[in-house]
Amino acid sequence: MANVTVIGAQWGDEGKGKVVDWLASRADLVVRFQGGHNAGHTLVVGNQTYKLSLLPSGLVRGKMGIIGNGVVIDPEALLAEIDRVISQGLKVSPETLRIAENAILILPLHGAIDRAREAARGDAKIGTTGRGIGPAYEDKVARRAIRVCDLAEPETLSFKLDELLLHHNTLLKGLGAPTFEKQALFDQLLAYAPRILPFVEPVWERLDEARRSGKRVLFEGAQAVMLDVDHGTYPFVTSSNTVAANASIGSGMAPSALGFVLGIAKAYCTRVGSGPFPSELHDDIGRLLGERGREFGTVTGRPRRCGWFDAAMVRQAIKVGGIQGIVMTKIDVLDGLPELKVCVGYRINGQEYNYLPAAMRAQAAAEPIYETIAGWSASTKGARSYAELPAEAVKYIRRVEELIEAPVTLLSTGPERDDTIMMRDPFEG
Ligand code: IMP
């Protein structure tokens, strides 16, 4: 069996949706293993644009999608997304979608806490998506979360809601935010149950069966390594582990089943929300990258911060994330720039580093050390082979490979599925 795990190698929004969609054509199952509806995947298929947040991208290819136990699920958001994609012509039924019985639910109070805390942080805010992701994961490790399987047990729901409300209403009162009533939440959850429970099962069993029968599994990561709660730019991170290792924990499949790990990285760099971004550009080039790359958040619509490719950071993401090959996306956005810069390390308080140290003040003080590389004037857009690329673009990719110490396995040259150059088939291992 040759499986593939796809994760982001920067701060998210690298174009994972397109790559997963492309790979899904050769997979049997597509599995989400972390994150929630903070993720936003845009898939362009012909004249249809699908915006997915919770549903595995493989659904667009008619492949079985699995929402693993590591995902936090807002039932209202899930049902709205299912209705939206069905109205666009996709088939979503228990034949095409399965949800882990032990996945965690996001309730409206999680979003309320998320937003109230961000407001209280003022200038020190993390810039979360406000969707309740962090508070839901907090409840999981605090052992008071409501899980998908609880929808089938009204007594368990009632008991858990008492504990949840005791905790969260105390917090909400302290933050000066409106509190929640038990009965309304209870009724709401019971109303979701008949629509959600038909999708629910122990997905680990299906995945084990897939492993034994040699089916191909594609693990679809959300967010990215630099937003990982352990390895990212903490505390400006999301609340789950985004590294490849979590595909195992977040699905119930063995670590040995992850297969080839692909990291997705843009040919430049973007970030939404607050936090360190050493190679960020505040000039016309930064604005140009944002305009050409249409850098607005899929989920929140916020403009993304833009900057040069940070090879030191991607190299670090490759090492901690377990990445074996990179998919470089959006190289066409760099077309026509006479000269390009790549960050190869940092200067922090007079000292040079070839990685981003963990301490918050050190990260905030990191100044990029740049290498300058010649740009190209011809277009790379839609190229389908290396031979169609300008020589300087190939040189840029080769230099990036040296700096990040990993191969560029795939190159994405446009939003269409077929605007992709494959150097090596990740399913071949
Ligand atoms: P949260 O995941 O909503 O708690 O947000 C925490 C941080 O992760 C914020 O900086 C968000 O902007 C960022 N973030 C969360 N999801 C995504 C994503 O899908 N793409 C890019 N950034 C994200």
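If you're wondering where the values come from, they're calculated on a predicted model, not measured in any experiment.

Asker: Looking at this structure, I do not really get the overall build of the chain. What am I missing?
Answerer: If you tally the helices and strands in the chain, you get 12 helices and 20 strands. What you see for the chain is a C-alpha radius of gyration of 21 Å, in line with the 22 Å of a compact globule of 429 residues. Considering only C-alpha atoms, the chain reaches an extent of 65 × 50 × 40 Å along its principal axes. Buried positions account for 59% of the 429 residues belonging to the chain. Taking the intrachain contacts of the chain between residues at least 6 apart in sequence as the baseline, contacts between residues at least 24 apart amount to 75%. Per element, the accessible surface of the chain, about 17000 Å² overall, is 52% carbon and sulfur. Counting 49 positive and 51 negative side-chain charges, the chain places the averaged centre of each group 1 Å from the other.

Asker: Quick question: what am I supposed to make of the sheet that holds strand E9 (residues 200-201) here?
Answerer: Sheet strands pair via backbone hydrogen bonds, and the direction of the pair is either parallel or antiparallel. Strand order across the open sheet formed by 10 strands is E9-E7-E5-E2-E10-E1-E11-E15-E19-E20, with mixed pairing between neighbours. Looking at which strands have only one partner, the edges of the open sheet turn out to be E9 and strand E20 (420-422). Of the strands in this sheet, strand E15 (325-329) and strand E19 (408-412) are in contact with helix H12 (residues 391-404), which crosses E15 at around 140°.

Asker: Would you explain the packing of helix H3 (residues 108-121) against helix H5 (residues 154-174) in this entry?
Answerer: Helix-helix packing is characterised by the crossing angle of the two axes and by the distance between the axes. Orientation of H3 relative to H5, taken along the N-to-C sense of each, is 30°, at an axis distance of 10 Å. Taken together, the axes of H3 and H5 lie roughly parallel to each other. The handedness of the crossing between H3 and H5 comes out as left-handed. Where H3 approaches H5, its residues Leu109, His110, Ala112, Ile113 and Arg117 are matched on the opposing element by Leu165, His168, Leu171 and Leu172. Looking at the contact of H3 with H5 residue by residue, the class counts come to 6 nonpolar, 2 polar and 1 charged.

Asker: Even after reading the chapter, I still don't get the domain arrangement of the chain, so can you show me in this structure?
Answerer: How big an interface is tends to be stated in terms of accessible area lost as the parts join. What the domain assignment lists for the chain is domain 1 (4-103 + 200-260), domain 2 (104-196) and domain 3 (266-428). Using only C-alpha atoms to locate each centre, domain 1 and domain 3 end up separated by 23 Å. Contacts between the two partners involve 44 residues from domain 1 and, on the opposite side, 46 residues from domain 3. With both chains or domains summed, domain 1 and domain 3 bury close to 3600 Å², and 63% of this area falls on carbon and sulfur atoms. It is Trp11, Lys18 and Phe260 that lose the most area in domain 1 upon contact with domain 3, and together they represent 23% of the buried surface on that side.

Asker: What am I meant to see in the site of the ligand here?
Answerer: Near the ligand there are 17 residues, and of these Asp13, Asn38, Thr129, Thr238 and Arg302 occur at the shortest range. One nitrogen or oxygen atom from the side chain of Gln223 is found 3.2 Å from a nitrogen atom belonging to the ligand. The separation between an oxygen atom of the ligand and a polar side-chain atom of Arg302 is 3.0 Å. Across the complex, the protein chains shield 96% of the 470 Å² of accessible surface that the ligand would expose by itself. Its residues placed into classes, the shell around the ligand shows 6 nonpolar, 9 polar and 2 charged.

Asker: Mind showing me how you'd approach the pairing of E19 here?
Answerer: On any regular strand, side chains alternate: one points to one face of the sheet, the next to the other face. The buried fraction of E19 amounts to 5 of the 5 residues, a majority that puts the element mostly inside the structure. As paired elements, E15 and E19 share 3 bridges and run parallel to each other. Across the sheet, the residue bridging to Met328 is Leu411, located in E19. Note that E19 and E20 share 3 bridges and pair antiparallel. By the bridge assignment for E20, Leu411 is matched with Ile421.

Reading the values: the criteria
Residues numbered from 1 in each chain as written. Predicted model: local features only at pLDDT ≥ 70, side-chain atom pairs only at ≥ 80, totals over all residues. Heavy atoms only, no water. Helix = DSSP H or I, 4+ residues; strand = E, 2+ residues; numbered from the N terminus. Rg over C-alpha atoms; globule rule 2.2 N^0.38 Å. Buried < 20%, exposed > 50% of the residue type's maximum accessible area, 1.4 Å probe, protein only. Contact = heavy atoms within 4.5 Å. Areas by Shrake-Rupley, 256 points an atom, 1.4 Å probe, with all protein chains shown as cover. Lys, Arg positive; Asp, Glu negative; His and termini not counted. Charge placed at Lys NZ, Arg CZ, Asp CG, Glu CD. Pairing = 2+ DSSP bridges. Axes fitted to C-alpha atoms, helices over the stretch in contact; angles between N-to-C directions. Parallel < 35°, antiparallel > 145°, perpendicular 65-115°, else oblique. Left-handed = near helix turned anticlockwise from the far one by under 90°. Nonpolar A, V, L, I, M, F, W, Y, C, P; charged D, E, K, R; others polar. Domains from an automatic or database assignment. Buried area = accessible area lost by both parts, 1.4 Å probe. Near = heavy atom within 4 Å. Polar contact = N/O pair within 3.5 Å; in protein donor to acceptor, adjacent residues only side chain to side chain.

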